[in-house]
There are 4 protein chains.
Amino acid sequence: MAIKIHSVGGFEEIGRNMTCVEYEDEAVILDMGLYLDKYISVQDNSKTLTANQLIQEDAIPNPDYIRHIEKKVIGIVLSHAHLDHIGAVPWIAKRYNCPIIATPYTIEIVKSILKDHKKKLSNEFIPLNSNSSYPLSSNITIELVNVTHSLPQAAMIHVKTPEGNIVYTGDYKFDYNPIIGKRTNKKRLKQIGKENVLALMPDSTRADEERKTYSETVARQMLKDVLLDMETQGHGIILTTFSSHIARLKSMLELGQELGREVVFVGRSLKKYIDAAEKLKIVKFSNRAEIIPSARFAKKRLQEINKIREKYVLIMTGNQGEPDAILTRVVKDELSFNIFPEDFVVFSCITIPTPIIQANRRVVERILHNKKARIFKDVHVSGHASREDHRDLIKILKPKHVIPCHGDMNKRASLAKLANEMGYKMNKGVHLLQNGQNIVLS
Amino acid sequence: MAIKIHSVGGFEEIGRNMTCVEYEDEAVILDMGLYLDKYISVQDNSKTLTANQLIQEDAIPNPDYIRHIEKKVIGIVLSHAHLDHIGAVPWIAKRYNCPIIATPYTIEIVKSILKDHKKKLSNEFIPLNSNSSYPLSSNITIELVNVTHSLPQAAMIHVKTPEGNIVYTGDYKFDYNPIIGKRTNKKRLKQIGKENVLALMPDSTRADEERKTYSETVARQMLKDVLLDMETQGHGIILTTFSSHIARLKSMLELGQELGREVVFVGRSLKKYIDAAEKLKIVKFSNRAEIIPSARFAKKRLQEINKIREKYVLIMTGNQGEPDAILTRVVKDELSFNIFPEDFVVFSCITIPTPIIQANRRVVERILHNKKARIFKDVHVSGHASREDHRDLIKILKPKHVIPCHGDMNKRASLAKLANEMGYKMNKGVHLLQNGQNIVLS
Amino acid sequence: MAIKIHSVGGFEEIGRNMTCVEYEDEAVILDMGLYLDKYISVQDNSKTLTANQLIQEDAIPNPDYIRHIEKKVIGIVLSHAHLDHIGAVPWIAKRYNCPIIATPYTIEIVKSILKDHKKKLSNEFIPLNSNSSYPLSSNITIELVNVTHSLPQAAMIHVKTPEGNIVYTGDYKFDYNPIIGKRTNKKRLKQIGKENVLALMPDSTRADEERKTYSETVARQMLKDVLLDMETQGHGIILTTFSSHIARLKSMLELGQELGREVVFVGRSLKKYIDAAEKLKIVKFSNRAEIIPSARFAKKRLQEINKIREKYVLIMTGNQGEPDAILTRVVKDELSFNIFPEDFVVFSCITIPTPIIQANRRVVERILHNKKARIFKDVHVSGHASREDHRDLIKILKPKHVIPCHGDMNKRASLAKLANEMGYKMNKGVHLLQNGQNIVLS
Amino acid sequence: MAIKIHSVGGFEEIGRNMTCVEYEDEAVILDMGLYLDKYISVQDNSKTLTANQLIQEDAIPNPDYIRHIEKKVIGIVLSHAHLDHIGAVPWIAKRYNCPIIATPYTIEIVKSILKDHKKKLSNEFIPLNSNSSYPLSSNITIELVNVTHSLPQAAMIHVKTPEGNIVYTGDYKFDYNPIIGKRTNKKRLKQIGKENVLALMPDSTRADEERKTYSETVARQMLKDVLLDMETQGHGIILTTFSSHIARLKSMLELGQELGREVVFVGRSLKKYIDAAEKLKIVKFSNRAEIIPSARFAKKRLQEINKIREKYVLIMTGNQGEPDAILTRVVKDELSFNIFPEDFVVFSCITIPTPIIQANRRVVERILHNKKARIFKDVHVSGHASREDHRDLIKILKPKHVIPCHGDMNKRASLAKLANEMGYKMNKGVHLLQNGQNIVLS
């Protein structure tokens, strides 16, 4: 019998990832994500879209591509808690009468998103720690392998079947000195490499960068240089990053304290991810820093801080210039907090390269510039493997097939080119699929 | 009486830096450098050019600009040991009947260059440690202030006169965690800022980058990620960087040992800078690593290493693709050492952006690519202050005038723009000069 | 007696140009423009700002810089009808009790802008044809020299005084085959070059481009290639460019007719500039094409055209993605006109490189992309002289001084660098000023 | 029976194009090119390489990929006379006992190259005019369809079989106003589109550019602007372009004469291509211009011209900075001709983006810059279709399959992405192959 891989979503864009692995009369879904850029455009018009509308707008994967095997699905496995991997769960998961398997942190975030959307699911949640396995059936076992990425408890998904195994990387990097959590479990990957990897499905997000992705420690040192080695005395300091990036937030908190300032987190989404991390004892921020849960509470508190700003490090939502985020509202003078000349505003992130997000960020930066703030951008290291990391992974796993995913044609073509260099032949050993296709592996 | 600043060289290019500070009947020359790009072009045709020929070709500063005050010169002060700051000493210094003052390491390198060119100077060498002063006359005192840069014992030059003081930065950065040496002496700079800085002459090399320059520790971590976190087992490892970059070489040596390999330095220019650093007890490499002094000795030794390459980390000259350097000759199969597929070649440097050098590097990279080596580029952090560092320095020193140097018009215009933002008026407080001009400050 | 040049606006930005030439007890103002990017930001909050508010926000030049010579001003001369050269007239001109001199087309547009803002001026308007002179006083004569630019009747301003002459270029290019109007009057410029040019004040907008700016004929051919050489049959065609660019609009009209389609202009600002050009008999569009004067009228008419789109070429406002423009509203489905897959949308312009405008354009392009339109961008040739054109102009005019204007520090530094190459010395022959400064020339 | 397409060369690089179409017991080879970048690297070491050595070095296609069907080959068809399409003929063609079919100009150039390499072929040459057909066998007919490209008599190859037809584009563009020759034969293409196109094999060189490629007329106008609209009086003028670009050379000749100067062509390769074009009566240059056939003759003649340079327009080989070309040798002072300050040097070409060529060009430009010449670069329009041209072609031909060729993975992926947008499914309707693969179409 053969294994069939269905490329449902994320094979024409960076977003709405969803893959389905079919084996005999069973199937497993890997990830169920949102296409953020489309989702944002759509939201502008209306906020209560149905699943069908979101599918129509290409904001979530189209589950009709696997409708004919819907009944076969015995499990939904989520690699990690980013929206482009889990954000479609509230709309699609209910189609499948099966459990959702993920690390505890990922499950915590899924639940929190369901709550945000006032949705309920009847699917059972099965928390599975990294570096452990769960037998879904007599034929299919799911193993989660710990990887480092830009949020806690990310995992590669190892789908084991009698006919061979599939490794779906999700987002990952090799980080020699991660700030929180353990390194990517290379030891286990080397074992897996000896156990017949039929197909590797790697994240292509940064496969076009001809380098190694550096450690989160590099980002921490960059932040340290800006915060501890510059003339900050007497000036306000505002930091912003991806709200889910707990390791970065930890560095910010610790460096803020090293600077002798009070650290305050401000914003709903920061609150959400920190709460989840604290609940699972991944970090403990709330006893060392103030957390203002939303703009509603921020106004009064920021007004007080405004007067003695030089005693604080403020960590705000709004790293992508999101119109409703705290930093954006501060910049637009909506929250009783001033940006004064020479105040530090540090964007510890990249700007996600989609038109609407870039437009938002430019507007925020422009106003900051007019207010004469000192702006620091790209104080950041990526959470995604680059080409040379992928080369290592392929060397380690020695898969029979490589099926690049998580990226548009150009990104995935870069990974295909790497595979070609390593001896994989086009359409024989390395495969470029589209959304809605499938491939039979034997 | 007024102070006159003569902009002799480095005001229309990145290279051949030379400034002269005139006060009453005395004058001091700051730096005496080479314009490497022109020097290289010129060398192609002939190797034994006279001073006049080098001047004609714009390869060294034109001392005729200050011929009328030649007799006034009572000291030549060198900021640090890079060729664009000291490389013209063998040809021009003899015009001035006065001592040469610099930190011990800088003097050591000057002497070594004189030896390379078989030149002798009658000028006295006066070693002056960083963070100490030397009274050149009753009116003029020279102070060297320790700064971090990409080689040991770099210094800002503080020229003190009764009418006010001049701070000439040379190349510098603020580095919170330098790998060797101490941080830039900010404490002393803050004192100097209170003592009437008449003019600041900052290095413009990276004034157009709207950021802070990060610490050398970031470069070390990047190197660590490449060396310790990748699948190097069984493969050759070749590293290259600027031969004068002792801190980087130290990281390379230590990381190579951490990897459990023997470390070998290969190349004449590596030997020269390491010898100088060892002589002054700045580092001690030779008891922990093998040093092959030149291509002549390299051939036989590399042939041996070739067979057990997986036990070595080779650090070679040739980071800019210089045709005679070891790496270039290895790549061109001239030194009995093979580049095998998947060998690691790490360029821990930028490529200097001049046409001939870029052309050289491209050729080396191309052959490496054809040999299927794994190439890592830009594993590097700059040694030059960026715009936000300059902003800090101006805040600290509060100079009356800012005279950007070390850069072409566009680079210096970026620094002028920064000064404008900080309230300095064009031609009143901030001045853009050309080679061969002067300005009277009062 | 000496001539004094006051750099009032446009010396730190591309926009709000204003220069004042003072000679003895008289003075002349050259241009009075808007800083569009700031003006747009400011408008977001309120639409009825006072002159003082606009000055405060840096949206218009600050006339206080020349308040002390306000009474001396005997004329305001406008180089051409672009907003960054005339847009501040409604707010500032009334301070000066003197006539406004410009070509007839420029005056027509100024009047139309005054009407838009419901403002009246008591200043007399003196229309002066290109290539003719007007004696403002016994000492000062104004000559307008015809130049080609991206709108009709642009002129260099030649200010003649007994002590020497000033040539202020305004925006210009050398165009060998302009589509409308005559070539830049090189013959006259060569005469002027023999008559003692004390200072040249060139537009720096594209001085950093190391090339010649090509003819408008190139843009026409590009448009022709897109319209006549592609598979347009059965598809809608929408063109957009700067509304004031009458030559480009003429090409669009003629090519649309060559294609056998009806041509329709849609939008208030297109109507305004076409009306002015027709009034002065520069072109005659209205007998060959339909002109829909505004969105109000567009809705019904576009609804009809929507059904037989393949018979029309639509020329719409909105080339910069302006939120209120016709194309933007069409794209956002507000005007009963659909963009169908494979419809042609041609941006015959650059995107002005300021954050808010770029953000607007990106949003429009994104929606067009989602609608599967065929998008053609940068089908355009600039109206601004590049470096090699400036070199020619300096050769021709042989000015004693060069004072770059119309640009931020970096743009003007590029022109200074060119002047340096040609032998002008910094601060002796070429001068970089800031807003609010002045320089005495003798 | 099915048709099999063999992707022999040009599917992993821009160069060494070779495709083989197999049908039953017959096969046809399309193009047989050189990989110039590799060929240049290889030549550095030795000039008399064997076919096997060139294959080993990836400088020419590897014919072993189709060795098993070698006897089936009944024709070699060449699309046009560029080296990346015909340059391997001297080494490989003899393997096939069959005629070589091409347009007369292409055959002329092939013969000239054979002569250069002192090679002889026993294959018969069959000249076939564009827009005509040749029946190779009862099953296979070859039709050449006229296309515009950057040299004369380029053709698309239409391979007709009983099971369906293959259109192999070679290099092409749609040019509404070509300077010589006729437009791409769209009328015939539209007919072909109705006759069952089984597969389209398009040139991917510029498929990643989201635009239409403009007409050669645009390049001519650019040249005209530089030559006729600038201050050239009294200065030397040197032009350079691809020697095979007869249309560009024609514009240069005519514009030089319009300027009132003598036009002189200098260089072996210019002589070769002009001779071929004259022989076939495509153009007649030699009665209107002097042609200096090589460096040997150039020295004396250039010495004369050197003194009255202002009366000449010199068109030289060396547009890519080739070390042996005339311009390069002039620049290096080897040919008794000076470059004086303000002389015009116009590169009417792109720089081919490969490391060695870019390095060569940079060196030439640098010396020119030092000599203070006025350099004009990229006065050029491409001869390759861009994405929107390909979209038109696919619309016109409606092929069942699209097989991008002539490009590395990334270039071809861009064409695949376009095909996806137009409804072709990956691996069903659009196929990305590697060198040495094949695909069966039915």
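Computed from a prediction, not measured in an experiment: that's the story for all the values here.

Undergrad: Let's hear about the relation of the copies chain C and chain B: which residues, and what values?
TA: Each copy superposes on the other: chain C lies on chain B with an RMSD of 0.0 Å after a rotation of 180° and an axial shift of 0.0 Å. Look at the turn and shift together and you get a two-fold axis relating the two. Most of the interface of chain C is mirrored in chain B, where 100% of its interface residues are also at the interface.

Undergrad: Hey, could you go over the sheet that holds strand β16 (residues 344–347) of chain C for me, with residue numbers and the actual values?
TA: All names here are of chain C. Pairing is parallel in the open sheet, where six strands are placed in the order β14-β13-β15-β12-β16-β17. If you trace the sheet from one side to the other, it starts and ends with β14 (290–292) and β17 (374–376), each paired once. Each strand of the sheet is rotated relative to its neighbour by a mean of 20°, with strand direction disregarded. Here strand β13 (residues 262–266) runs beside β14; their pairing, made up of three bridges, is parallel. Note on β14: the bridge partner recorded for Phe265 is Ile291. Helix α8 (residues 246–258) rests against β12 (237–240), β13 and β15 (312–316) of the sheet, and its axis sits at about 150° to β13. Its contacts with the sheet place helix α9 (residues 268–279) against β13, β14 and β15, and it is angled at close to 105° to β13.

Undergrad: Describe the interface of chain A and chain B, and please don't skip the residues or the numbers.
TA: Each partner contributes to the interface: chain A provides 35 residues, whereas chain B provides 35 residues. Both sides together, the interface formed by chain A and chain B hides about 3,200 Å², and carbon and sulfur atoms give 51% of it. Here chain A is connected to chain B by 12 salt bridges. One salt bridge in this structure joins Lys190 of chain A and Glu231 of chain B, with 3.3 Å as the shortest N-O distance. For the pair chain A and chain B, the number of links is 24 residue pairs in polar contact (both at pLDDT 80 or more). When contributions to the side of chain A that touches chain B are tallied by element, the ones reaching two or more residues are α6 (186–193), α7 (216–228), β17 (374–376) and α13 (387–397) of chain A.

Undergrad: Give a detailed account of the relation of the copies chain A and chain B, specifying residues and quantitative values.
TA: Take chain A, turn it by 180°, move it 0.0 Å along the axis, and it overlays chain B with an RMSD of 0.0 Å. Comparing contact sets, 100% of the residues at the interface of chain A also lie at the interface in chain B, consistent with an isologous, same-surface contact.

Undergrad: Help me get a handle on the domain arrangement of chain A, residues and values and all.
TA: All names here are of chain A. The domain architecture assigned to chain A consists of domain 1 (3–212 + 383–441) and domain 2 (216–376). For domain 1 versus domain 2, the distance between C-alpha centres works out to 31 Å. Taken residue by residue, the interface counts 22 residues in domain 1 and 22 residues in domain 2. Taking both partners together, domain 1 and domain 2 bury about 1,900 Å²; carbon and sulfur atoms supply 64% of that area. The salt bridge partner of Lys272 is Asp116, with a shortest N-O separation of 3.0 Å.

Undergrad: Tell me what's going on with the packing of helix α12 (residues 355–370) of chain A against helix α12 (residues 355–370) of chain C, and back it up with residues and numbers.
TA: Interhelical geometry of α12 of chain A versus α12 of chain C gives an angle of 165° and a closest axis separation of 9 Å. The angle between α12 of chain A and α12 of chain C places the two elements in the roughly antiparallel class. Crossing handedness for the pair α12 of chain A and α12 of chain C: left-handed. In this structure, α12 of chain A contributes Pro355, Ile356, Gln358, Ala359, Arg362, Val363 and Arg366 of chain A to the contact, and α12 of chain C contributes Pro355, Ile356, Gln358, Ala359, Arg362, Val363 and Arg366 of chain C. Residue composition of the contact of α12 of chain A with α12 of chain C, grouped by class: eight nonpolar, two polar and four charged.

Each value, and the rule that gives it
- Position numbers for residues start from 1 in each chain and track the written sequence from start to end.
- As they are written, the chains are lettered A onward and the ligands numbered 1 onward, keeping that order.
- A pLDDT threshold of at least 70 governs which residues receive local features in this predicted model, and a stricter bar of 80 or more applies before side-chain atom pairs are shown or counted, although totals over entire chains, interfaces and linings include all residues.
- With hydrogens and water stripped out, all remaining heavy atoms of the structure feed into the side-chain values.
- What sets the superposition is a least-squares fit of C-alpha atoms, and only residues with pLDDT of at least 70 in both copies go into it.
- Residues are treated as being in contact if the distance between any of their heavy atoms lies within 4.5 Å.
- Whether two strands pair depends on DSSP finding at least two bridges between them.
- A run of H or I in DSSP counts as a helix once it spans at least four residues, and a run of E counts as a strand once it spans at least two, with each numbered from the N terminus.
- The axes used here are C-alpha line fits, helices contributing only the stretch in contact, and every angle between their N-to-C directions lies in the interval 0 to 180 degrees.
- The term buried area refers to how much accessible surface (probe radius 1.4 Å) is lost by two components on association, counted for both of them together.
- Counted as salt bridges are all cases of a side-chain nitrogen of Lys or Arg within 4 Å of a carboxyl oxygen of Asp or Glu.
- Polar contacts here mean pairs of N or O atoms no more than 3.5 Å apart (in protein, one a potential hydrogen donor and the other a potential acceptor; neighbouring residues in sequence count only if both atoms are side-chain atoms).
- Boundaries between domains were set according to an automatic or database domain assignment.
- Angular relationships are summarised with four words: roughly parallel below 35 degrees, roughly antiparallel beyond 145, roughly perpendicular across 65 to 115, and oblique for the angles in between.
- By the definition used in this description, the sense in which the near helix is turned from the far one sets the handedness, with an anticlockwise turn below a right angle giving left-handed and a clockwise turn giving right-handed.
- Side-chain classes follow a simple rule in which Ala, Val, Leu, Ile, Met, Phe, Trp, Tyr, Cys and Pro form the nonpolar group, Asp, Glu, Lys and Arg form the charged group, and the remainder, Gly included, forms the polar group.

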